[in-house]
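Examining the three-dimensional arrangement
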Amino acid sequence: MGFPASSQAQRQRRRVATLLSEKVTRAKASRIPFQVGQVLVGDDPFNGRRLGTVAVIEAPYVGLRTADIAPQDIVFYDYRQLRYPD
């Protein structure tokens, strides 16, 4: 027969569980090698090949703002479909 855990011990366990959960989530997230403002070329069979600047990064997608469409529009690419221009 065990003793009930104190409320302080329960809070500490929740804090540790939350910390571990955040660390695991960060470790599983894609590491995107690009930064906002960089100029990249996106090549995708559906969106085509476009040159643009990185406007948004939401793993695993990167949003490029291009000059050939309306300036307020952003085209999203998987980060593996992006490269630096030649």
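Residues numbered from 1 in each chain as written. Predicted model: local features only at pLDDT ≥ 70, side-chain atom pairs only at ≥ 80, totals over all residues. Heavy atoms only, no water.

**A short note on the sheet that holds strand 1 (residues 39-44)**
If you walk across this open sheet you meet the 5 strands as 4-3-2-1-5, and the pairing is antiparallel. At either end of the open sheet lies a strand with only one pairing partner, and these are strand 4 (75-78) and strand 5 (82-83). (Pairing = 2+ DSSP bridges. Helix = DSSP H or I, 4+ residues; strand = E, 2+ residues; numbered from the N terminus.)

**Re the nonpolar core**
Core analysis: the largest hydrophobic core is formed by 10 residues, namely Ile 32, Phe 34, Leu 40, Val 54, Val 62, Leu 64, Val 75, Tyr 77, Tyr 79 and Leu 82. Elements with a contribution of two residues or more to this core: strand 3 (61-66) and strand 4. Once residues lying within four places of it in the same chain are set aside, the contact partners of Tyr 77 are Gly 42, Asp 43, Asp 44, Asn 47, Gly 48, Arg 50, Pro 60, Tyr 61, Val 62, Leu 64 and Leu 82. (Core = buried A, V, L, I, M, F, W, Y, C linked by side-chain atoms within 4.5 Å. Buried < 20%, exposed > 50% of the residue type's maximum accessible area, 1.4 Å probe, protein only. Contact = heavy atoms within 4.5 Å.)

**Digging into the pairing of strand 2 (residues 48-58)**
Bridge analysis of strand 1 against strand 2 gives 6 bridges, and the strand direction is antiparallel. Within the sheet, the bridge partner assigned to Leu 40 lies in strand 2 and is Gly 52. What sits between the antiparallel neighbours strand 2 and strand 3 is a turn of 2 residues.

**Some details on the environment of Ile 74**
Secondary-structure assignment places Ile 74 in the loop between strand 3 and strand 4. In this structure the C-alpha to C-alpha distance between Ile 74 and Val 56, which are 18 residues apart in sequence, comes to 8.4 Å.

**Describing the pattern of salt bridges**
Applying the stated rule across the entire model yields 3 salt bridges. Here Asp 43 and Arg 49 are joined by a salt bridge, their closest N and O atoms 2.7 Å apart. With relative accessibility at 33%, the residue Asp 43 sits in the partly exposed group. Among the residues examined, Arg 49 registers a relative accessible area of 57% and is labelled exposed. Between Arg 83 and Asp 86 there is a salt bridge, and its shortest N-O distance comes to 3.8 Å. (Salt bridge = Lys/Arg side-chain N within 4 Å of Asp/Glu carboxyl O.)

**A closer look at the confidence of the model for the protein chain**
Across the protein chain, the average pLDDT comes to 85, with 87% of residues at 70 or higher. Mean pLDDT in the protein chain bottoms out at helix 1 (residues 7-28), which sits at 84, and peaks at strand 5, which reaches 94. (pLDDT = per-residue confidence, 0-100.)

**Notes on unusual backbone geometry**
In the segment running from Ala 59 into Pro 60, the intervening peptide bond is cis, with an omega of 0°. On the secondary structure map, Pro 60 appears in the loop between strand 2 and strand 3.

**Section: the packing of aromatic side chains**
Scanning all chains against the criterion turns up 1 aromatic pair. With 5.7 Å between their ring centres and 75° between their planes, Phe 34 and Tyr 84 make a pair best called edge-to-face. A residue pair is termed long-range when its members are at least 10 positions apart, and Phe 34 in the loop between helix 1 and strand 1 and Tyr 84 in the segment after strand 5 qualify at 50 residues. What makes Phe 34 buried here is its relative accessible area of 8%. (Phe/Tyr/Trp six-rings, centres within 6.5 Å; stacked < 30°, edge-to-face > 60°.)

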